[in-house]
Amino acid sequence: MQLQDLLYGVTIKELVGRTDREIHALNFDSRKVTENDVFVAITGTVSDGHLFIEQTLKQGAKAIICENLPEIENFDATYIKVENASVALGIMAGNFYGNPSADLKLIGITGTNGKTTIATILFKLFRDLGYKTGLISTVENYVNDVIVPATHTTPNPLALNELLKDMVDAGCDYCFMEVSSHAVAQHRIEGLTFSGGVFSNLTHDHLDFHKTFDSYLKAKKAFFDILPKSAFALTNIDDKNGMVMLQNTKAHKKTYALKQLADFKAKIVENGFSGLHLDIDYEDVFFKLIGSFNAYNLLAVYGTAILLEQDKLKVLTLLSRLTGAEGRFDYIVSEDKIIGIVDYAHTPDAVQNVLGTIADIRKGTEQVITVIGCGGDRDKTKRPVMAQVACDWSDKVILTSDNPRTEDPAAIISEMEAGVSPSNKRKTISILDRREAIKTACHLAKSGDIILIAGKGHEKYQEINGVRNHFDDKEILLEQLNPAS
Ligand SMILES: CC(=O)N[C@H]1[C@@H](OP(=O)(O)OP(=O)(O)OC[C@H]2O[C@@H](n3ccc(=O)[nH]c3=O)[C@H](O)[C@@H]2O)O[C@H](CO)[C@@H](O)[C@@H]1O[C@H](C)C(=O)N[C@@H](C)C(=O)N[C@H](CCC(=O)O)C(=O)O
Ligand SMILES: Nc1ncnc2c1ncn2[C@@H]1O[C@H](COP(=O)(O)OP(=O)(O)OP(=O)(O)O)[C@@H](O)[C@H]1O
Ligand SMILES: N[C@H](CCC[C@H](N)C(=O)O)C(=O)O
Ligand SMILES: [Mg+2]
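Residues numbered from 1 in each chain as written. Chains lettered and ligands numbered in written order. Predicted model: local features only at pLDDT ≥ 70, side-chain atom pairs only at ≥ 80, totals over all residues.

**So, the overall build of the protein**
Counted only if it meets this: A helix here means a DSSP run of H or I that spans at least four residues, while a strand means a run of E at least two residues long, and both kinds are numbered starting from the N terminus. Radius of gyration here is computed from C-alpha atoms only, and the compact-globule reference equals 2.2 Å multiplied by the residue count raised to the power 0.38. The burial criterion counts other C-beta atoms lying within 10 Å of a residue's C-beta, which is placed from the backbone; the residue is buried at 20 or more, exposed at 12 or fewer, and partly exposed between these limits. Two residues qualify as a contact pair if the distance between their C-beta atoms, derived from the backbone, is within 7 Å.
Summing up its helical and strand segments, the protein has 16 helices and 24 strands in all. Computed over the C-alpha atoms, the radius of gyration of the protein is 24 Å, within 12% of the 23 Å expected from 2.2 N^0.38 for a compact globule of 485 residues. Principal axes of the C-alpha set define a box for the protein whose edges measure 75 × 50 × 40 Å. Buried positions account for 50% of the 485 residues belonging to the protein. Restricting to contacts in the protein with at least 6 residues of sequence separation, those with at least 24 account for 66%.

Below you can see the structure in the form of structure tokens.
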């Protein structure tokens, strides 16, 4: 591809050199640059791509996209200064892969909780409706029926556009993708053409990265600001920030709610361990998903399907047969009737929701035992709150490790313990080893009791000091609980 074609749509502040060069590949990591590549220098949270420009020239880079022009001579290369290199990367990644997002219907789902659930159910639904479909999610990506492992909730612009190109090549009509706030803030979605955007809710998370709740909110809102006029923007107006998301969007504004009038509306008729019974858009439907928060997720899915012009009764019939995403209220019942639930709740709000859901559907005589930890190198302010919420809603709580990453797991647990009120102390124990913590919960449980293992959901590893060791909450639960088949 010619450099000038790659640069289409990029606002250039300064150009030194020629643009009629044939280039081989586009890279933002110096370690991957080879002969005739373009290197985009990005200022990150840990390092700065500008430091590696000379290195990439030595490796054969023929064009440098950067925010500060380097004072380097003696290389046959083109230097391009831009205002924001991440924005330029997004646009160029689209150009490099032939702007695949414009060749399918791309729907982005954003919000603090529910993105994976909504995106995954939409993917399953549209496959069942007979369409070739793609999925980009925290758990895994799909190019129709081919699984592509996920490293991020929203991949970097190069990986993202490559995936979308594979979807177009495979004949996909739709792609449902999670849009994380990190992705918006880092311009990973720059240059994509969305046909729709969906907002689930906004609560406390990722303040380590965004610093304030306001800038977290702005990152989510920025996604709706870039939607084109032809797209739809579907929001949950029961969430107090639901309308804020739509303030400046050019897209068609559509709403969903359980508690007030909206374009798509549902009422919970019954919510139990066998599923949700909803009055949805004046139809009486039973769903396999459990928990009132899933009524919101189902309504978001339903609204999206209708906005994508699918048949109402067909959609509801297929939706009623679907299960949710792996590791989201994923439960087993043991031979002696102990219920073990694995859930990805890793924010105070999600922990409260999942325990609130259990409280709604439990009989009242059994005890609820929660095993919970908090991830290292992530928002520290949520640690005491998550422990407090777990204690307020459970009979026994075992505080343990999640993914310690580079932090001391015992120190993380101490920060969680700080949130436990004196009256709750007696129901709490701390067990550093997560496997031992789960085993202990299983030993403590009696027939009818409910065990919640929170925080890691589908994850198949525990990350300690950069090493990911095999670890699977559900596998341990199955070993310990002898499920009734
Ligand atoms: C905080 C964050 O989001 N970091 C992402 C970011 O890395 P960074 O800004 O730290 O990059 P950096 O290390 O400072 O390097 C700056 C630049 O120099 C380059 N570099 C660096 C070293 C070198 O030798 N040569 C070189 O060229 C790097 O390639 C980069 O372009 O850009 C990287 C490349 O795209 C990402 O892999 C990385 O994700 C890290 C691994 C991560 O853990 N991200 C999480 C927090 C995240 O993104 N999570 C959200 C979901 C959250 C949720 O909703 O729950 C997600 O979408 O997955
Ligand atoms: N609509 C919702 N409202 C509140 N909590 C929810 C909702 N949907 C799911 N949850 C809870 O949040 C957890 C995470 O759900 P899910 O994985 O669907 O969200 P996510 O937005 O993709 O999260 P992440 O940002 O970590 O990828 C679930 O395990 C469940 O406990
Ligand atoms: N996408 C989230 C997942 C958190 C999952 C939890 N198990 C943890 O490790 O904190 C993140 O990377 O912040
Ligand atoms: Mg997700």
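**Regarding the UniProt feature "domain: Mur ligase C-terminal" (unreviewed entry) in the protein**
Here is the rule: UniProt positions are given in the numbering used here, feature names are shortened, and annotations may be inferred rather than shown by experiment.
In the numbering adopted here, UniProt assigns the feature "domain: Mur ligase C-terminal" (unreviewed entry) to residues 327-457. Taken end to end, residues 327-457 is 35% helix and 20% strand, and its first and last C-alpha atoms sit 4 Å apart.

**Re the sheet that holds strand β17 (residues 330-333)**
This is how the line gets drawn: A pair of strands counts as paired when DSSP detects no fewer than two bridges linking them. Interaxial angles span 0 to 180 degrees and are taken between N-to-C directions of axes, which are lines fitted to C-alpha atoms, for helices over the stretch in contact.
The strand order across the open sheet formed by 6 strands is β17-β18-β22-β19-β20-β21, and the pairing between neighbours is mixed. In this open sheet, the two edge strands, each paired with only one partner strand, are β17 and β21 (428-430). Each strand axis lies, on average, 15 degrees off the axis of its neighbour in the sheet, ignoring direction. The pairing of strand β18 (residues 339-343) with strand β22 (residues 450-454) spans 5 bridges and is classified as parallel. In the strand pairing of β22, aspartate 343 is matched with alanine 454. Against the sheet, helix α12 (residues 348-361) engages β18, β19 (368-372) and β22, with an angle of about 165 degrees to β22.

**Description of the site of ligand 1**
Here is the rule we go by: The C-beta atom of each residue is placed using the backbone, and any residue whose C-beta lies within 6 Å of a molecule or strand is treated as near it. Amino acids are sorted into nonpolar (Ala, Val, Leu, Ile, Met, Phe, Trp, Tyr, Cys and Pro), charged (Asp, Glu, Lys and Arg) and polar (every other residue, Gly among them).
Close contacts around ligand 1 come from 20 residues, with Ser30, Gly44, His152, Thr153 and Ser180 the closest. Tallied by class, the residues present in the shell around ligand 1 amount to 6 nonpolar, 11 polar and 3 charged.

**Notes on the pairing of β19**
For clarity, the threshold we go by: Crossovers are marked right-handed if the path from the first strand over the helix to the second runs clockwise, as seen with the strands pointing away from the viewer.
Across the 5 residues that make up β19, a large majority, 5, are buried. Bridge count for β19 against β22 is 4 bridges, and the pairing is parallel. Pairing of valine 368 across the sheet is with isoleucine 450, part of β22. Summarising the sheet, β19 and strand β20 (residues 396-399) pair through 4 bridges and their orientation is parallel. Bridging from a neighbouring strand, valine 371 pairs with isoleucine 398 of β20. Handedness of the crossover is the feature at issue here: the chain leaves β19, passes through helix α13 (residues 382-393), returns alongside β20, and the resulting connection is right-handed.

**Things to note about the sheet that holds strand β6 (residues 105-110)**
As summarised here, the arrangement of the 11 strands in space is β9-β8-β7-β10-β6-β11-β12-β13-β14-β15-β16, forming an open sheet in which the pairing is mixed. With partners counted over all chains shown, the strands left at the sheet margins are β9 (146-149) and β16 (283-287), one partner each. Direction aside, neighbouring strands of the sheet carry axes that sit 20 degrees apart on average. Two strands pair when backbone bridges link them, and strand β7 (residues 133-136) and strand β8 (residues 140-143) are joined in this way by 2 bridges, in the antiparallel orientation. Note that in β8 the partner of glycine 134 across the bridge is valine 143. Strands in contact with helix α4 (residues 115-128) are β6, β7, β8, β10 (174-178) and β11 (196-199); relative to β10, the strand with the most contacts, it is inclined by about 165 degrees.

**Focus on the site of ligand 3**
Taken together, the residues surrounding ligand 3 are Thr138, Thr153, His346, Gly375, Arg378, Asp402, Asn403, Gly455, Lys456 and Glu459. The residue makeup of the shell around ligand 3, split by class, is no nonpolar, 6 polar and 4 charged.

**Let's talk about unusual backbone geometry**
The general pattern is negative phi for most residues beyond glycine and trans for most peptide bonds. The phi dihedral of histidine 187 is positive, around 60 degrees, even though this residue is not glycine. Mapping histidine 187 onto the fold places it in the loop between α6 (181-185) and β11. By the C-beta count within 10 Å, which is 19 here, histidine 187 ends up partly exposed. With phi around 50 degrees, aspartate 281 is a residue other than glycine that occupies positive phi space. Along the polypeptide, aspartate 281 turns up in the loop between β15 (275-280) and β16. Assessed through the 17 C-beta atoms surrounding it within 10 Å, aspartate 281 is described here as partly exposed.

**Here's the deal with the packing of helix α15 (residues 434-444) against helix α16 (residues 473-481)**
Condition: A crossing counts as left-handed when the near helix is turned anticlockwise from the far one by less than a right angle, and as right-handed when that turn is clockwise.
For the pair α15 and α16, interaxial distance at closest approach is 10 Å and the crossing angle is 40 degrees. For α15 against α16, the interelement crossing comes out right-handed. Contacts between α15 and α16 involve Arg435, Ile438, Lys439 and Cys442 on the former and, on the latter, Asp473, Ile476, Leu477, Gln480 and Leu481.

**Focus: the environment of aspartate 173**
Among the structural elements, aspartate 173 can be located in the loop between α5 (157-169) and β10. Separated by 128 residues in the primary sequence, aspartate 173 and valine 301 have C-alpha atoms spaced 17 Å apart. With residues near it in sequence (within four places) discarded, aspartate 173 still touches Leu104, Lys105, Tyr131, Lys132 and Thr133.

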